[in-house]
Amino acid sequence: MGSGNGDGVFGWPRRGLDEAGYNYYPIFYCFDTVDAARQWEIVVTKAIEKWQLALYPYSGLRIQLHPYCRGNSYVTCNQIRSPTDWFKIEDGGGEGSSSSSTGYDYYERNPYEKLTLRGYDARTHDMLVVDCAHELGHTMGLGHEHQRPDRDEWLEFHCNNLAGASAAHDDIDENGDSDIDFIGLNHDQRFDMACTTRDKAERYFPEALSYIKYEYLGYPWTNFEKDAGALDVDSIMIYSTWQAIDEEPDEENDFDYAELFYYDEHANLAAIYQGGNLRPLLAGPTRRNVMRVIYLYPKWDGQAD
Ligand SMILES: [Zn+2]
């Protein structure tokens, strides 16, 4: 998390000077290993491009390979001897989904401040680019749109359809009676706690953590999310319908199995696609995503002193 020492709204990243002496916010990255660079370089470059094309010229943010790499992605993080800062991009293997810390601190080397890309063999190239663009949003400091405190005004969230729901039910049945917080609650109430509170999700239902409202997680950007206006259903920072479901539906697009969806202006069930398009090549940051980033990383016109 940001330490508050930087110039950004949340303390990250530090303001820098570009080659011409203009102020900007550089987010520097490097790769963990040469293998990670070999595998992910093109995906990362394209994901950065999705953001930069949307942000230019309105924001001072720039995501760049660390200057000490001199344009060569194969110069890995551990080869950078300078005490300047970066976030590390690593390969997390084939299982699970990609992840990133939200925001990062330029002043301390926190090992949790990294971006882990996964699923290289399981997904198409264009899907990986969307994945990575989503994770870069976290690195900039953006949270999930579907974890906003007011999300229930806009979305249907069916916790019971999440992957891990049956395991959570079993765990609560087996061990719930010895949980002091569950005294006096029936099974459904206990399961509801596992869907909505941090402690119980961590204990019984870790898959639900990415759906718990931010106000119950105590993250520093909560207040900002409250003022965000109408929910951005096309956001690059929202989860797609069926993204984390427990069972494969018999028919494609079966909303009975969906964990997250909404009702459109005609009151019809509507699917959510991360980045606003079923086709990943066309998905990307929305205007609202861009507005948020501009708020976090404004642009300076003037030259530095
Ligand atoms: Zn995410």
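As a starting point, this report considers the structure included with it. Quick caveat: nothing in here was measured; it's all calculated off a predicted structure. (Residues numbered from 1 in each chain as written. Predicted model: local features only at pLDDT ≥ 70, side-chain atom pairs only at ≥ 80, totals over all residues. Heavy atoms only, no water.)

Brief notes about the side chain of Lys213
Which entries qualify depends on this criterion: Put simply, DSSP H or I for four residues or longer makes a helix, DSSP E for two residues or longer makes a strand, and each gets a number counted from the N terminus. For every residue, the accessible area (1.4 Å probe, protein chains only) is compared with the maximum for its type, and the residue is labelled buried under 20%, exposed over 50%, or partly exposed between those bounds. Here a polar contact means two N or O atoms within 3.5 Å. Within protein one must be a hydrogen donor candidate and the other an acceptor candidate, and residues neighboring in sequence count only if both atoms are side-chain atoms. For this analysis, residues touch if any pair of their heavy atoms sits within 4.5 Å.
Residue placement: Lys213 occurs in the loop between helix H5 (198-204) and helix H6 (222-226). Of the residues examined, Lys213 reaches a relative accessible area of 14% and is grouped as buried. Among the polar contacts listed, one links the side chain of Lys213 to the side chain of Asp152, at a separation of 2.7 Å. Here Lys213 is in contact with Gln147, Arg148, Pro149, Arg151 and Asp152, once residues within four sequence places are set aside.

What to know about the pattern of salt bridges
Convention followed: Salt bridges are defined as contacts in which a side-chain nitrogen from Lys or Arg sits within 4 Å of a carboxyl oxygen from Asp or Glu.
With the rule as written, the count across this model stands at 13 salt bridges. Notably, a salt bridge pairs Lys88 with Asp32, separated by 3.7 Å at the nearest N-O pair. With Lys88 in strand E4 (residues 87-91) and Asp32 in the loop between strand E2 (23-31) and helix H1 (34-55), the pair connects residues that are 56 residues apart, well separated along the chain. Of the charged contacts in the structure, one is a salt bridge between Asp177 and Arg190, with a shortest N-O distance of 2.9 Å. In this pair, Asp177 sits in the loop between helix H3 (165-175) and helix H4 (187-196) while Arg190 sits in helix H4, placing the two residues 13 residues apart along the sequence. By relative accessible area, which is 11% here, Arg190 ends up buried.

Observations concerning the side chain of Thr76
Topologically, Thr76 is positioned in the loop between strand E3 (61-65) and E4. Classification of Thr76 as buried rests on a relative accessible area of 5%. In contact with Thr76, not counting residues within four places along its chain, are Phe31, Asp32, Thr33 and Val34.

A short note on the packing of aromatic side chains
Rule in force here: The criterion for an aromatic pair is that two Phe, Tyr or Trp rings (for Trp, the six-membered ring) have centres within 6.5 Å, with stacked assigned to planes under 30 degrees apart, edge-to-face to planes over 60 apart and tilted to the rest.
Throughout the structure, instances matching the rule amount to eleven aromatic pairs. Relative to Tyr297, the ring of Tyr25 has its centre 5.2 Å away and its plane inclined at 70°; by these criteria the two rings are edge-to-face. Of the two residues, Tyr25 is situated in strand E2 and Tyr297 in the segment after helix H7 (287-296); the sequence distance between them amounts to 272 residues. A relative accessible area of 2% places Tyr25 in the buried class. You can call Tyr297 buried: its relative accessible area is 0%. Between Trp242 and Phe255 the ring centres are 5.1 Å apart and the planes differ by 55°, which places this aromatic pair in the tilted class.

With respect to empty space enclosed by the protein
Basically, it comes down to this: Site definitions follow a grid-based scheme: protein atoms alone, a 1 Å grid, a 1.4 Å probe that fits but cannot get out for cavities, and for pockets an open set with protein on both sides within 12 Å along at least five of seven lines, plus lining residues having an atom within 4 Å of a point. Grid points are joined across faces, edges and corners, and a volume is the space filled by probe spheres set on the points. Gly falls in the polar group here, along with every residue not listed as nonpolar (Ala, Val, Leu, Ile, Met, Phe, Trp, Tyr, Cys, Pro) or charged (Asp, Glu, Lys, Arg).
Considering all chains together, one arrives at one cavity of 30 Å³ or more under this definition. Taken together, Leu142, Gly143, Glu145, Ser235, Met237, Asn289 and Arg292 make up the lining of the largest cavity. Of the residues in the lining of the largest cavity, the class split is two nonpolar, three polar and two charged.

Examining the nonpolar core
Note on soluble globular proteins: their nonpolar side chains tend to be buried together. Quick note on the threshold: Nonpolar cores were defined as sets of buried Ala, Val, Leu, Ile, Met, Phe, Trp, Tyr and Cys residues, with membership established by side-chain atoms within 4.5 Å.
Of all hydrophobic cores here, the largest spans 41 residues; its most connected members are Tyr29, Val44, Trp51 and Leu136. Elements supplying a minimum of two residues to this core: E2, H1, E3, E4, strand E6 (114-117), helix H2 (125-140) and H7. Every residue in contact with Tyr29, bar those within four places of it in the chain, is listed here: Val44, Ile48, Ile63, Gln64, Leu65, His66, Trp86, Phe87 and Ile89. Among the nonpolar cores identified, the runner-up in size contains 21 residues, and Leu162, Cys195, Ala208 and Ile272 belong to it.

A word on the environment of Gly276
With respect to the helices and strands, Gly276 occurs in the loop between strand E9 (269-270) and H7. The class for Gly276 is partly exposed, based on a relative accessible area of 33%. The spatial distance from the C-alpha of Gly276 to the C-alpha of Ile236 is 7.2 Å, given a sequence separation of 40 residues.

Let's talk about the pairing of E3
Put simply, the rule reads: Between any two strands, pairing holds if DSSP finds at least two bridges.
Burial along E3 is one-sided: the face carrying Leu61, Ile63 and Leu65 is buried and the face carrying Arg62 and Gln64 is not. Here five bridges tie E2 to E3, and the two strands are oriented parallel to one another. Each residue of the ladder has a partner; that of Tyr25, found in E3, is Leu61.

Side note on the state of the cysteines
Note the cut-off: By definition, disulfides here are pairs of cysteine sulfur atoms that lie within 2.5 Å.
For the structure shown, the criterion picks out two disulfides. What pairs with Cys30 in a disulfide is Cys77, and their sulfur atoms sit 2.1 Å apart. Negative torsions about the S-S bond denote left-handed disulfides, and the value of about 110° found for Cys30 with Cys77 makes this one right-handed. Highlighted residues: Cys30 in strand E2 and Cys77 in the loop between E3 and E4, separated in sequence by 47 residues.

Here we look at H3
As a reminder, the rule being used: Arc definition: directions from the helix axis to the C-beta atoms.
For H3, the set of buried residues is Ala165, Ala168, Asp171 and Ile172. For H3, the angular spread of buried residues about the axis comes to 120°, placing them on one side. Along H3, exposed side chains directed more than 90 degrees from the buried face belong to Asp173 and Glu174. Tucked into the core, H3 has its buried residues touching H4 and H5.

Just geometry here; none of it tells us what the structure is for.
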